Amino acid sequence: MTDKSETDDDQNTQRLAGDVAIVTGASSGIGEATAEALADAGASVTLAARRADELEALADRIESSGGEALVVPTDVTEEDDIDSLVEATTDEYGRIDILVNNAGVMLLEPLERADRSNLRQMVEVNLLGLMNLTHAVLPVMQEQESGHIVNVSSVAGRRASADSSGYNATKFGVNAFTEAVRQEVTTQGIRTTVIEPGAVDTELATHVPDEQVLERFAEMDLPMLHPDDIARGIVYATSQPARVDVNELLIRPTGQDI
């Protein structure tokens, strides 16, 4: 990993110059904003998601602003896709300095009405896909003796709530996985950060399959973060000096009391 500035100067737009990042779920929301923010900070970014058209449009924006982006359409539930993503990135850039595991789904519903396929999908995307991609990237970082694994969890990884049992389980799992990996690799120069957003204005909530849950969401009138708010937190964590490992960032909108 390239040396970072010893200052915390937000005006330094090249804090990640020379670094290579993979961002999953990069076609929208937090992933899209994070990819752009990392590129603005000087990193070369591999864009991974299932929707190739959105990735190509994002790559065009990054490159038109002077950044570097590689599009690798990826379904994180497919192990062959994961291996191809890592191989394409190392073939193009020769290294992987930052992995942002952001791909996720939020299929909230009471367990008594839950579709088992929804429970399975959340486990496969939110947790198992994240674990498998981390497993695939780790040997590259170990060879480099440096790297940073950023796992996007949720406030739901800290606090369980009704109608969120499957989602809670996956996000609690992300938190536990990240801490265990931290203990395994911190002496190897590899850092880990778990990001726990509160309410963020993304398309994630539109995927909720239960009409009653959707109605309650509409009635709650929660304050919302923007995806850029989370992206800035990720850039902050990944641009710290090598001696600093920001293990956890819980980011709620002002006014969210849960």
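Residues numbered from 1 in each chain as written. Predicted model: local features only at pLDDT ≥ 70, side-chain atom pairs only at ≥ 80, totals over all residues. Heavy atoms only, no water.

With respect to the sheet that holds strand S6 (residues 190–197)
Move 1: Spatial strand order, S3-S2-S1-S4-S5-S6-S7: seven strands in an open sheet with parallel pairing. The sheet is open, and its two edges are formed by strand S3 (68–71) and strand S7 (248–251), each paired on a single side. Each adjacent strand pair in this sheet contributes to an overall mean axis angle of 15 degrees, direction not counted.
Move 2: Sheet topology note: the strand S1 (residues 20–24)/strand S2 (residues 44–48) ladder contains five bridges and is parallel. By the bridge assignment, Val 20 is partnered in S2 with Ser 44. (Pairing = 2+ DSSP bridges. Helix = DSSP H or I, 4+ residues; strand = E, 2+ residues; numbered from the N terminus. Axes fitted to C-alpha atoms, helices over the stretch in contact; angles between N-to-C directions.)

Observations regarding the pairing of strand S5 (residues 147–152)
Move 1: Counting buried positions along S5 gives six out of six residues, so the element sits mostly inside the fold.
Move 2: Neither face of S5 is exposed, since Gly 147, Ile 149 and Asn 151 on one face and His 148, Val 150 and Val 152 on the opposite face are all buried.
Move 3: Following the backbone out of strand S4 (residues 98–101), through helix H4 (residues 116–144) and into the adjacent parallel S5, one traces a crossover that is right-handed.
Move 4: As judged from the six bridges shared by S5 and S6, these two strands associate in the parallel manner. Looking at the pairing, His 148 lines up with Arg 191 of S6.
Move 5: With helix H5 (residues 165–185) bridging S5 and the parallel S6, this β-α-β connection has right-handed handedness. (Buried < 20%, exposed > 50% of the residue type's maximum accessible area, 1.4 Å probe, protein only. Right-handed = clockwise from strand over helix to strand, strands pointing away.)

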